[in-house]
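# Structure at a glance
Below, each chain spelled out in residue letters.
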Amino acid sequence: MKTSILIIFILAFYLSACYPEKDYYTMKTDSYVLFYHKLEKINIISHEPGIIQLCFNAASDVEYSKSKNYSIYRSLCEKHNDITYDRKVKVSIPSDHNRFMAQDFVSIEIQSDQDFDDEHPVGSSLGDITTFYSMSPYKYIQSGYQKEFDWPSFEFNDFYVNLFYVSSTQNRSTLYPVYEFVSDLNYEQLKILGTGEVRGITNTLFGYIKFTQYPETEMEHNITVTMTDDEGRVYESSVIVNFE
């Protein structure tokens with residue numbers, strides 16, 4: 001009995017240390033996005049066969065907000081027409097929501113270090129057989145903060161819930177899904193990407209690449225993802241992907 005009580009006490013202490021209860025404060029803001037992170041590099045992780053996670057490092061990246069680098073933060077809000085939100089919001093300490101990447105992207109490229117199939121030799125683009133999945137508040141902001149997304153009726157809602165580790169009851173209505181073949185992505189789809197939350201420090205999830213078909217022969221490929229932002233900066237990372 002004493003042993004059981006001791007185990008429960010230790011477990012409770014561990015959980016309280018790892019997941020401390022957060023404090024909150026209320027603030028008025030003119031912008032929906034409260035924090036931007038300047039991306040230094042992308043981290044990609046082989047998640048499941050044929051699926052790659054795209055992450056950024058929230059610990060090393062530079063933060064733009066009302067309290068840090070305000071002039072740059074304000075210019076990003078103006079760039080995205082995010083300056084008339086005019087609402088009070090509840091913010092946690094430390095804040096882990098309404099955080100997005102500062103960079104907007106113009107393209108994503110996917111390549112392999114070897115022949116994928118007859119139509120995709122080594123070094124060629126795999127954009128027509130890969131789908132990009134992410135989320136963004138950009139459409140919500142451009143609607144004047146009026147048009148929210150109906151996630152429950154979205155055909156890929158369960159897919160997003162499972163991949164992005166979100167609760168099916170979580171209010172995500174201000175975030176729109178971004179899903180498209182990589183080869184068909186455009187600039188408007190690649191603005192203010194992210195889940196709005198920082199759930200990991202070194203690897204904060206902002207998207208996925210999913211292959212729609214598998215290689216014809218070799219089942220292990222070194223896949224390179226290259227993202228180019230609207231200022232011409234290039235971010236590249238590679239990972240071994242097992243398709244079995």
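Residues numbered from 1 in each chain as written. Predicted model: local features only at pLDDT ≥ 70, side-chain atom pairs only at ≥ 80, totals over all residues. Heavy atoms only, no water.

Across the sheet, which stays open at both edges, the 5 strands sit in the order β3-β4-β12-β9-β10 with antiparallel pairing between neighbours. Two strands bound the open sheet, and with one partner strand each, they are β3 (42–48) and β10 (176–181). When strand polarity is set aside, the average angle formed by the axes of neighbouring strands in this sheet is 25 degrees. Bridge analysis of strand β9 (residues 130–136) against strand β12 (residues 204–211) gives 4 bridges, and the strand direction is antiparallel. Counted as the bridge partner of T130 is F211 from β12. (Pairing = 2+ DSSP bridges. Helix = DSSP H or I, 4+ residues; strand = E, 2+ residues; numbered from the N terminus. Axes fitted to C-alpha atoms, helices over the stretch in contact; angles between N-to-C directions.)

Turning to its location among the elements, K191 is positioned in the loop between β10 and β11 (196–197). Side-chain polar atoms of K191 contact the side chain of E188, separated by 3.0 Å. K191 has contacts with D104, S136 and Y138, leaving out every residue within four places of it along the chain. (Polar contact = N/O pair within 3.5 Å; in protein donor to acceptor, adjacent residues only side chain to side chain. Contact = heavy atoms within 4.5 Å.)

On to the confidence of the model for the protein. Averaged over all residues, the pLDDT of the protein equals 85, while 82% of them reach at least 70. Taken as a whole, residues 4–21 scores under 50 in pLDDT and shows 0 contacts with residues more than four places along the chain or in a different chain. (pLDDT = per-residue confidence, 0-100.)

Pairing is possible between side chains that carry opposite charge, provided their charged atoms lie close to one another. Considering all chains together, one arrives at 8 salt bridges under this definition. Close ionic contact of E63 with R99 constitutes a salt bridge, the shortest N to O distance being 3.0 Å. Here E63 is found in strand β5 (residues 62–64), whereas its partner R99 is found in strand β7 (residues 97–101), with 36 residues between them in sequence. Assessed through its relative accessible area of 14%, E63 is described here as buried. Its salt-bridge partner being R233, residue E231 comes within 2.8 Å of it at the nearest N-O pair. (Salt bridge = Lys/Arg side-chain N within 4 Å of Asp/Glu carboxyl O. Buried < 20%, exposed > 50% of the residue type's maximum accessible area, 1.4 Å probe, protein only.)

Attention now moves to the sheet that holds strand β2 (residues 35–38). Spatially, 4 strands are ordered β5-β2-β7-β11 in an open sheet, and the strand pairing comes out mixed. At either margin of the open sheet sits one strand with a lone partner, and together these are β5 and β11. Note that β2 and β5 share 3 bridges and pair antiparallel. Within β5, the position partnered with H37 by the bridge is E63. Relative to β2, helix α2 (residues 70–79) is tilted by about 105 degrees, and along the sheet it contacts β2 and β5.

All of the buried residues in α2 are Y73, L76 and C77. End-on, the buried residues of α2 take up no more than an arc of 100 degrees, which puts them together on one face. Following α2 by one or two positions, N81 has its phi on the positive side, about 60 degrees. (Arc of directions from axis to C-beta.)

This part takes up the environment of G194. Its location among the elements puts G194 in the loop between β10 and β11. Its relative accessible area of 2% is what places G194 among the buried residues. Note: C-alpha distance between G194 and R99 (95 residues apart in sequence) is 7.6 Å.

We now examine a negative patch on the surface. Residues D115, D118, E119, D128, D184 and E216 make up a contiguous surface patch of negative charge. Mapped onto the fold, D128 is located in the loop between β8 (105–112) and β9. With a relative accessible area of 41%, D128 lands in the partly exposed category. (Patch = residues over 30% accessible without salt bridge, like charges linked within 9 Å, V, L, I, M, F, W, Y side chains within 5 Å. Areas by Shrake-Rupley, 256 points an atom, 1.4 Å probe, with all protein chains shown as cover. Lys, Arg positive; Asp, Glu negative; His and termini not counted. Charge placed at Lys NZ, Arg CZ, Asp CG, Glu CD.)

So, about the packing of aromatic side chains. Each aromatic ring pair is summarised here by two numbers: the centre-to-centre distance and the angle between the ring planes. In total, this model carries 25 aromatic pairs according to the counting rule given. Ring centres 4.6 Å apart and planes at 50 degrees place the aromatic pair Y133 and F159 in the tilted group. Of this pair, Y133 sits in strand β9 while F159 is found in helix α4 (residues 157–163), placing the two residues 26 residues apart along the sequence. Owing to a relative accessible area of 9%, Y133 belongs among the buried residues under this scheme. Chaining the aromatic ring pairs together yields one cluster made of Y133, F149, W151, F154, F156, F159, Y160, Y176 and Y179. A cation sits over an aromatic face here: R99 above F35, 4.0 Å from the ring centre. (Phe/Tyr/Trp six-rings, centres within 6.5 Å; stacked < 30°, edge-to-face > 60°. Lys NZ or Arg CZ within 6 Å of the ring centre and 35° of its normal.)

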